[in-house]
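Examining the three-dimensional arrangement
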Amino acid sequence: MSVCPGCGLTLPAGDTTYDRKFNASAECWATFETVIAAEFQNPALFGQVHQLTVDAYAVQHAGGGHPDKSVCIHLAGLQLTMERGLRPVDVPPRLQRLARRTSWPHLESPATRAGLTIGDVAGAESAGAHAERVRAWAQAVWSAWAPHHATARELAAG
Ligand SMILES: [Zn+2]
């Protein structure tokens, strides 16, 4: 079995490796790719949750070689949707402005992991269920990152 170093998702081990920036197992990353493929195929679903999926996945896979800038930007994205109620489609322009910052705090992953992962979104039986699961998962990740909420608010406001 393979256990994802970021989110803890346990899946049968495959024969691929993952060496990009996120702190993820190859199997977890493949699950993420399946989920975002479903979002790319459904414009309504894409608009409702895609940004949230990307932000929640990135934040839940902090650590390892994942750059501070990426963790900070996606955590700010979660703050904007989860706490300030922005629609996910309105988040990217704000994150693009935020990305001009030149220094980024290092945020350690909280000791307690969120109870939901990308594995809970994969295989949703309908677009509605997919969107609902993404929201529940993103909420769980945002809540788990409570130790960094103040930093997220500062980043998102800047
Ligand atoms: Zn993972």
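Described in the following lines is the structure provided in the data block. (Residues numbered from 1 in each chain as written. Predicted model: local features only at pLDDT ≥ 70, side-chain atom pairs only at ≥ 80, totals over all residues. Heavy atoms only, no water.)

Some words on the packing of aromatic side chains
Counted under the stated rule, the structure contains seven aromatic pairs. Cluster of aromatic residues (ring-pair linked, three or more members): Tyr18, Phe22, Trp29, Phe32 and Tyr57. Above the plane of the ring of tryptophan 104 lies arginine 101, whose end atom (NZ or CZ) is 5.4 Å from the centre. (Phe/Tyr/Trp six-rings, centres within 6.5 Å; stacked < 30°, edge-to-face > 60°. Lys NZ or Arg CZ within 6 Å of the ring centre and 35° of its normal.)

Details of the packing of helix α2 (residues 43-60) against helix α3 (residues 68-83)
Interaxial distance between α2 and α3 falls to 8 Å at its minimum, and their mutual angle equals 130°. As summarised for this structure, α2 and α3 are arranged oblique, according to the angle between their axes. In this structure, α2 meets α3 at a crossing whose hand is left-handed. Along its contact with α2, which presents Leu52, Val54, Asp55, Ala56, Ala58 and Val59, the element α3 presents Val71, His74, Leu75, Gly77, Leu78, Thr81 and Met82. The residue inventory of the contact of α2 with α3, partitioned by class, reads nine nonpolar, three polar and one charged. (Axes fitted to C-alpha atoms, helices over the stretch in contact; angles between N-to-C directions. Helix = DSSP H or I, 4+ residues; strand = E, 2+ residues; numbered from the N terminus. Parallel < 35°, antiparallel > 145°, perpendicular 65-115°, else oblique. Left-handed = near helix turned anticlockwise from the far one by under 90°. Contact = heavy atoms within 4.5 Å. Nonpolar A, V, L, I, M, F, W, Y, C, P; charged D, E, K, R; others polar.)

Considerations on α3
With 16 residues, α3 extends 21 Å between its outermost C-alpha atoms, agreeing within 8% with the 22 Å of an ideal straight helix rising 1.5 Å per residue. By the criterion of burial, α3 is predominantly enclosed, with 12 of the 16 residues buried. For α3, the set of buried residues is Ser70, Val71, Cys72, Ile73, His74, Leu75, Ala76, Gly77, Leu78, Gln79, Leu80 and Thr81. Contacts from the buried residues of α3 go to α2, α4 (91-98), α6 (127-144) and α7 (149-157). Of the residues trailing α3, glycine 85 is marked for its positive phi of about 75°. (Expected span 1.5 Å × (residues − 1). Buried < 20%, exposed > 50% of the residue type's maximum accessible area, 1.4 Å probe, protein only.)

Here's the deal with a positive patch on the surface
Residues Arg84, Arg94, Arg97 and Arg100 make up a contiguous surface patch of positive charge. Inspection of the secondary structure assignment puts arginine 97 in helix α4. Taking relative accessible area as the criterion, arginine 97 reaches 49% and is therefore assigned partly exposed. (Patch = residues over 30% accessible without salt bridge, like charges linked within 9 Å, V, L, I, M, F, W, Y side chains within 5 Å. Areas by Shrake-Rupley, 256 points an atom, 1.4 Å probe, with all protein chains shown as cover. Salt bridge = Lys/Arg side-chain N within 4 Å of Asp/Glu carboxyl O. Lys, Arg positive; Asp, Glu negative; His and termini not counted. Charge placed at Lys NZ, Arg CZ, Asp CG, Glu CD.)

So, the packing of helix α1 (residues 26-40) against α2
The geometry of α1 relative to α2 is characterised by a closest axis approach of 9 Å and an angle of 160° between their N-to-C directions. Taken together, the axis directions place α1 and α2 in an arrangement best described as roughly antiparallel. In the packing of α1 onto α2, the handedness of the crossing is left-handed. Residue-level inspection shows Cys28, Trp29, Phe32, Val35, Ile36, Ala38, Glu39 and Phe40 of α1 in contact with α2, the latter providing Leu45, Phe46, Val49, His50, Thr53, Val54 and Tyr57.

Quick look at the coordination of the zinc ion
At this site the zinc ion is bound by Cys4 (SG), Cys7 (SG), Cys28 (SG) and His61 (NE2), with donor distances of 2.0 to 2.3 Å. Here the zinc ion is ringed by four donor atoms whose angles at the metal span 104 to 115°, and the overall shape comes out tetrahedral. The motif formed by the donor residues of the zinc ion, counted along the single chain, is C-x2-C-x20-C-x32-H. Linking cysteine 4 in the loop between β1 (2-3) and β2 (10-11) with histidine 61 in the loop between α2 and α3, this pair joins segments that are 57 residues apart in sequence. (Donors = N, O, S within 2.8 Å, 3.2 Å for Na, K, Ca; no water. Tetrahedral: all angles 85-135°; square planar, octahedral: opposite > 155°, others 65-115°.)

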